[in-house]
Amino acid sequence: MWYTRPDVIHPAPRRFAARLTLVSLMVSLSACVRRSAPIAPTGHTPSSVAAAPPDLGSLRALASTQKRHVGVALATWHFSEPHYQEVAAAQFNSLTPENEMKWESVEPQPGQFSFRAGDALVSFAEQHQMRVRGHTLVWHNQVASWVKRLSGDQLHSAMINHVTASVEHWKGRIAQWDVVNEAIGDDGALRQNSPFTALGPGYIADAFRAAHAADPSAELVYNDYETEGDSGAKSDGMYRLVKELKESGVPIHGVGFQMHVDPRNWPSADSIQRNLERFAALGLFVELTEMDIAVGELPGTPEEKFTRQKQIAHEIVSACLRVPACVGITFWGLTDPQSWLSDEHWGRLRGRGPHFPLLFDANYRPKPVFDGVAQAFRGE
Ligand code: G3I
């Protein structure tokens, strides 16, 4: 596997550009070649082309041997970048829109829906036999500005309308929805900085019921962050919430653990496994929905940071694979520069950057952490 020391990962000086481009082209072509049978423009593998045996060089082929999804968050504004689409399609069998299905994008004005960006991602996924995780219907962040002025019955109605229209639009094309995202605060109670909290705890059940009515075939997920370990107020609060929903007959099918790893303070793989098991014991599936591993504050040389990053990924993916109900792992972006953590505003959440949090470098070359994930899928 090709990768470059981080100190040359960012756009190299011009004199190296030609060489890197050629190398990147070789890697991306090999990534294309590694994809199983060629995908005709219709997205259908023509029967005349015998499906090549799965090439276990790609993460999606390896994940399939474990009956898992391995996914990536994609953004339409990167679609025009060379290699973006081909590497995403070659390596992943699940797609999550990074921003295109959030309220501010889908319903920027009351009752005025804009599905175009989400449609592009869903079409891309269907063309490349990728599952789609819809993200996200009800979240206190990135809501349209008009929603922030609502409260009480008006807010509740707007929420039901938004959930219904969004889910109905993509009915039968989205396998899973993050119906409610990040509703719980650090103390394990509903977070105070969400306008939906004032509706009372019943709003979560109402959102799930509306989503189920709009598309009974979709699997419905509660998704949150820093709930990955098997102890702690927030993780226990999420456990109480989903247990109550499940026992009340609310149509909830799974739980998403975002897995934005902060190596300065993170649960052990054993704690993560025990946590996944306790949620699975409720009769729910579990998924790692937004994985990235920030290395900025890890000690050592760039190589040492990347070695540790590879080890962390291997431990977490292996923990998931030891839990039969842990059915998917999604990485929150494709290449390091495209990560939300490469934005200075967000990166400071993980301390001093750069963080190099994802599987591919700036030139779409797999890093050591890619090998760590692949080795976990191979059971090595
Ligand atoms: O759309 C505007 C654009 O019009 C404007 O020109 C530009 C100016 O900076 O901002 C654009 O909005 C940005 C938006 O992403 C869409 O690109 C926001 O500034 C930016 O803050 C926002 O960041 C997203 C973040 O959620 C917002 O909370 C990240 O891309 C996205 O990766 C991140 O994803 C979240 C998950 O949805 C939920 N879990 C946590 C995860 C990381 O925060």
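That block above? That's the structure.
Residues numbered from 1 in each chain as written. Predicted model: local features only at pLDDT ≥ 70, side-chain atom pairs only at ≥ 80, totals over all residues. Heavy atoms only, no water.

Visitor: Explain the packing of aromatic side chains here, please?
Guide: Here the distance between the centres and the angle between the planes together describe a pair of aromatic rings. This model, assessed by the stated rule, comprises 13 aromatic pairs. Judged by centre distance (5.4 Å) and plane angle (80°), the rings of tyrosine 239 and phenylalanine 279 are edge-to-face. Placement of the pair is tyrosine 239 in helix α8 (residues 233-247) and phenylalanine 279 in helix α9 (residues 269-280), with a sequence separation of 40 residues. Taking the relative accessible area as the measure of exposure, phenylalanine 279 reaches 0% and is therefore buried. (Phe/Tyr/Trp six-rings, centres within 6.5 Å; stacked < 30°, edge-to-face > 60°. Helix = DSSP H or I, 4+ residues; strand = E, 2+ residues; numbered from the N terminus. Buried < 20%, exposed > 50% of the residue type's maximum accessible area, 1.4 Å probe, protein only.)

Visitor: Just to check I follow, could you spell out unusual backbone geometry for this structure?
Guide: A negative phi holds for most residues other than glycine; trans holds for most peptide bonds. With omega at -15°, the peptide bond leading from histidine 135 into threonine 136 counts as cis. Structurally, the position occupied by threonine 136 is in strand β3 (residues 131-138). The omega angle of the peptide bond from glycine 353 to proline 354 is -5°, so this bond is cis rather than trans. With respect to the secondary-structure elements, proline 354 resides in the loop between α11 (344-347) and α12 (368-377). With a phi angle near 40°, phenylalanine 356 is a residue other than glycine that sits in the positive phi range. The exposure class of phenylalanine 356 is buried, given its relative accessible area of 9%. The residue tyrosine 364 is not glycine, and still its phi comes out positive at about 60°. With respect to the helices and strands, tyrosine 364 occurs in the loop between α11 and α12. Taking the relative accessible area as the measure of exposure, tyrosine 364 reaches 7% and is therefore buried.

Visitor: What is the right way to look at α12 in this model?
Guide: Count 3.6 residues to each turn of an α-helix, and residues three or four apart come out pointing the same way. With respect to burial, α12 is a largely interior element, 8 of its 10 residues being buried. What α12 keeps buried is the set Pro368, Val369, Phe370, Gly372, Val373, Ala374, Ala376 and Phe377. The inward-facing, buried residues of α12 abut α2 (59-65), β1 (69-74), α3 (84-91), α10 (302-321) and β9 (326-331). Following α12 by one or two positions, glycine 379 adopts a phi angle in the positive range, close to 75°. (Contact = heavy atoms within 4.5 Å.)

Visitor: Mind showing me how you'd approach the site of the ligand here?
Guide: With respect to spatial proximity, 15 residues lie near the ligand, and among them Glu98, Lys102, His135, Glu290 and Trp332 are the closest. At a separation of 2.9 Å, a nitrogen atom of the ligand approaches a polar side-chain atom of glutamate 182. Here an oxygen atom of the ligand sits 3.3 Å away from a polar atom, N or O, in the side chain of tryptophan 346. When isolated, the ligand has an accessible area of 790 Å², and the protein chains bury 57% of it. Tallied by class, residues from the shell around the ligand come to 5 nonpolar, 6 polar and 4 charged. (Near = heavy atom within 4 Å. Polar contact = N/O pair within 3.5 Å; in protein donor to acceptor, adjacent residues only side chain to side chain. Areas by Shrake-Rupley, 256 points an atom, 1.4 Å probe, with all protein chains shown as cover. Nonpolar A, V, L, I, M, F, W, Y, C, P; charged D, E, K, R; others polar.)

Visitor: Explanation requested: the environment of glutamine 258 in the structure shown.
Guide: Assignment of secondary structure puts glutamine 258 in the loop between β6 (254-257) and β7 (260-261). Looking at glutamine 258, the relative accessible area reads 1%, which means it is buried. For glutamine 258 and threonine 227, which are 31 residues apart along the polypeptide, the C-alpha to C-alpha distance reads 8.3 Å. There is a polar contact of 2.8 Å between the side chain of glutamine 258 and the side chain of glutamate 182.

Visitor: What exactly am I supposed to notice about the environment of glycine 188 here?
Guide: Summarising the element assignment, glycine 188 is placed in the loop between β4 (176-181) and α7 (202-214). Overall, the relative accessible area of 11% leaves glycine 188 in the buried class. In the structure, glycine 188 is positioned 44 residues away from glycine 232 in sequence and 8.4 Å away in space, judged by C-alpha atoms. Setting aside chain neighbours within four positions, we find glycine 188 in contact with Ala233, Lys234, Gly237 and Arg240.

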